Each structure stands twice: as structure tokens, then as C-alpha cells.
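Notes for the structure review
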Amino acid sequence: MLTVSTIDSALRTALDEDAPWGDITGEVFIPATASARAELRAREDGVLAGIEVFARAFALVDQSVTVDLAAADGDAFTAGQVLATVAGSARAVLQAERIALNFCQRMSGIATQTRAYVDAAAGRARIVDTRKTTPGLRAFEKHAVVCGGGHNHRFGLSDAVMAKDNHLAVLTGAGLSVAEAIRTARARLPHTTMIEVEVDRLDQVPAVLDGGADIIMLDNFTPAQLREGVELVGSRAVVEASGNVTLETIPEIAATGVDVISSGALTHSVRAIDLGLDLSLEA
């Protein structure tokens, strides 16, 4: 998902946005021959994600800059811990610094948040993300979820069939049966493609089961309704809970017996982790 070409494309866009005609501050304040050594240091506890992206930002500015990694994606870290050391042209290090930090801080924030959700579920349900990601940065944010111990939902609209409330509204408005529509869709799909259907009422579940959906999403259900839904579905489909998912509600939701808990908050409401680059110049 997070390929070299994806990383380079996003970083080049970010670097061009930040310094389209170069870093004039560095050019007037920093001698061209000056070297720098810097340490990427955690200012708070967290879970690391995006360290390879961090390193690549410096290489795209100047291939001679070296980055020695002291931690890997998915590692937990504590405040004060050195995560990487950067060395090379002072101008290049300073030019790449903010972009490198922006990616690593946000990705680590997502990984840290995800780890908290996973811990709260205590192995009773799988924690997954959604498509509520920053446009253009989905691969980075979904990678960060995995670094935190979570799992990815579909990457995009091309990956799987997921009929949501608006899709069902179109069907019912046209007088079509939900079960029949699911069976028709199945006949058109490769045998490897799964079908997920979102419901917001328990009375919708039987028709979805009759149609043969692989996954049923119970959206904005109370814990009591989730338990009833799990019992109704039994082993005939995977049960996913979504809506009103917070760190505080995760334990109660996981205890209902659902298989999957999806949360957009893993990516859309995350706080970047505080990481700093402590730099020293060498003439």
C-alpha cells in the first residue's frame, strides 16, 4: 500500500509546496559548507509510524544526507527517546526538517491512537479504520493504523462492495428487494469479492442475511442493540459495529460480541505526536 513511488510523490509535492524556489532563510543564514547533526527525539510517549518517510524526505532534498534509524514503525517509545540521527549538509537538513516531521508526527499520532483503541478492545474485536482520511494521504494514514496494531477496512471504492444507507435508499425507492439486489450483485462479482451491507435498524438484518451478505455493519446501534444483532446474525456473516466509537465506548462495544469495530476517529480526529529535531551546526 505505502510504496516507494507513493512516498516519493507525496513528499515531492510537500517539499515543492514548502520551498518552491528554495529555502531563502537557509541560503542567507547558513554557509553552504556547513554541516549539521540532528537527533529526532520524542517529546512524549507514543507509537512510531512513518520513520522511513521521515528519512526519505532528507534524501529527496540531498542524497548525501544520512539518516540512521534507532527505532522502527510499530515500536512504542517514551519521552526523551532518540528515534533517529540525521547528518549532512546543514542547508539540506533544515530544508527537509518540517516536511519530515509533519509526516512522522501525524502518522505516529494515528499509530498511537490506534494502539490505545486496540488495547481497549483487549482482543475481543478487530479495530479497523475507514475512508475518512486526509485526501491524498490515505496510504500513509492507513499504514499508520497498521503500525498501531489495527487493521485496514477497504482502501477505496474499487476494493469491495459496501452498500450503505444511501445505496439502500435508492433500491427501496425503485421498489427493489434488498435481498434480491444483493444476490444480483453477487452474480456480477468475482468469487473473491466480498459484499458488506450497512443497516441502521435490526429489522433490516433478515433481508440482508437472506441476500447472502458476507459482512453486516450495524451502524449507530446501542450496546444492547449490538448484542441483539450479534445473536440474530449468528455465524452467517461477520458483524461490524460502527458509529459512536470512542476510546471510552470501545470496551462496552467489544463486549457485545461483534467481530469488527470501525472508527473514522483513528484518522480524522487524531492529534500529531510531539517529535522534535534537535540540531547542532558544524562549520
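Now for a look at the structure at hand. (Residues numbered from 1 in each chain as written. Predicted model: local features only at pLDDT ≥ 70, side-chain atom pairs only at ≥ 80, totals over all residues. Heavy atoms only, no water.)

**Structural notes on the packing of aromatic side chains**
Basically, it comes down to this: Working definition: rings of Phe, Tyr and Trp (its six-membered ring) pair if their centres are within 6.5 Å, and the pair is stacked with planes under 30 degrees apart, edge-to-face with planes over 60 apart, and tilted otherwise. A helix here means a DSSP run of H or I that spans at least four residues, while a strand means a run of E at least two residues long, and both kinds are numbered starting from the N terminus. In this scheme, a residue with accessible area under 20% of its type's maximum is buried, one over 50% is exposed, and one in between is partly exposed, where area comes from a 1.4 Å probe on protein chains only.
The tally for this structure, following the rule as stated, stands at two aromatic pairs. Arranged with centres 5.1 Å apart and planes meeting at 70°, the rings of F54 and F58 form a pair that is edge-to-face. Within this pair, F54 and its partner F58 are both found in helix α3 (residues 51–61), separated by four residues, close to a single helical turn. The exposure class assigned to F54 is buried, which follows from its relative accessible area of 0%.

**Structural notes on the sheet that holds strand β8 (residues 195–199)**
Rule in force here: A pair of strands is treated as paired once DSSP finds two or more bridges between them. Interaxial angles span 0 to 180 degrees and are taken between N-to-C directions of axes, which are lines fitted to C-alpha atoms, for helices over the stretch in contact.
Read from one edge of the open sheet, six strands run β6-β11-β10-β9-β8-β7, paired in parallel fashion. Both edges of this open sheet fall to β6 (126–128) and β7 (161–163), since each of them pairs with a single strand only. Neighbour-to-neighbour, the strand axes of the sheet open up by a mean angle of 25°, direction not taken into account. Note that β7 and β8 share three bridges and pair parallel. Considered in β8, the bridge of M162 is made with E196.

**Overview of the pairing of β8**
To keep things clear, this is the line we draw: Think of it like this: strands point away, you trace from the first strand over the helix to the second, and a clockwise trace means the crossover is right-handed.
Most of β8 is tucked away, with five of its five residues classed as buried. Of the two faces of β8, the one carrying I195, V197 and V199 and the one carrying E196 and E198 are both buried. In this sheet, strand β9 (residues 215–219) lies alongside β8 in parallel orientation, the contact comprising four bridges. Residue V197 lies in a different strand from β9, and its bridge partner there is I216. Considered for its hand, the β-α-β crossover made up of β8, helix α8 (residues 205–211) and β9 is right-handed.

**Notes on the pattern of salt bridges**
Short version of the rule: We count a salt bridge whenever a side-chain nitrogen from Lys or Arg sits within 4 Å of a carboxyl oxygen from Asp or Glu.
Summed over all chains, the structure comprises 12 salt bridges. With its nearest N and O atoms 2.7 Å apart, the salt bridge here joins R56 to D8. One end of the pair, R56, is in helix α3; the other, D8, is in helix α1 (residues 4–18), with 48 residues separating them in the sequence. A relative accessible area of 8% means that D8 is categorised as buried. Notably, a salt bridge pairs R186 with D214, separated by 2.9 Å at the nearest N-O pair. Placement of the pair is R186 in helix α7 (residues 178–188) and D214 in the loop between α8 and β9, with a sequence separation of 28 residues. Here the salt bridges share partners, and the residues they tie into one network are E39, R41, R43 and D278.

**Here we look at the packing of α3 against helix α4 (residues 90–121)**
Condition: Should an angle fall under 35 degrees it is taken as roughly parallel, and over 145 as roughly antiparallel, whereas 65 to 115 is taken as roughly perpendicular and any remaining angle as oblique. Two helices that cross are described as forming a left-handed crossing if the nearer one is turned anticlockwise from the farther one by less than a right angle, and a right-handed crossing if clockwise. In this analysis, two residues are considered to be in contact whenever any of their non-hydrogen atoms come within 4.5 Å of each other.
Running from amino to carboxyl end, α3 crosses α4 at an angle of 160°, the nearest separation of the two axes being 8 Å. Considered as vectors, α3 and α4 are oriented roughly antiparallel to each other. You can see that α3 and α4 cross each other, and the crossing is right-handed. Here I51, V53, F54, A57, F58 and V61 of α3 lie close against α4, whose contacting residues are A92, V93, Q95, A96, E97, A100, L101, F103, C104 and M107.

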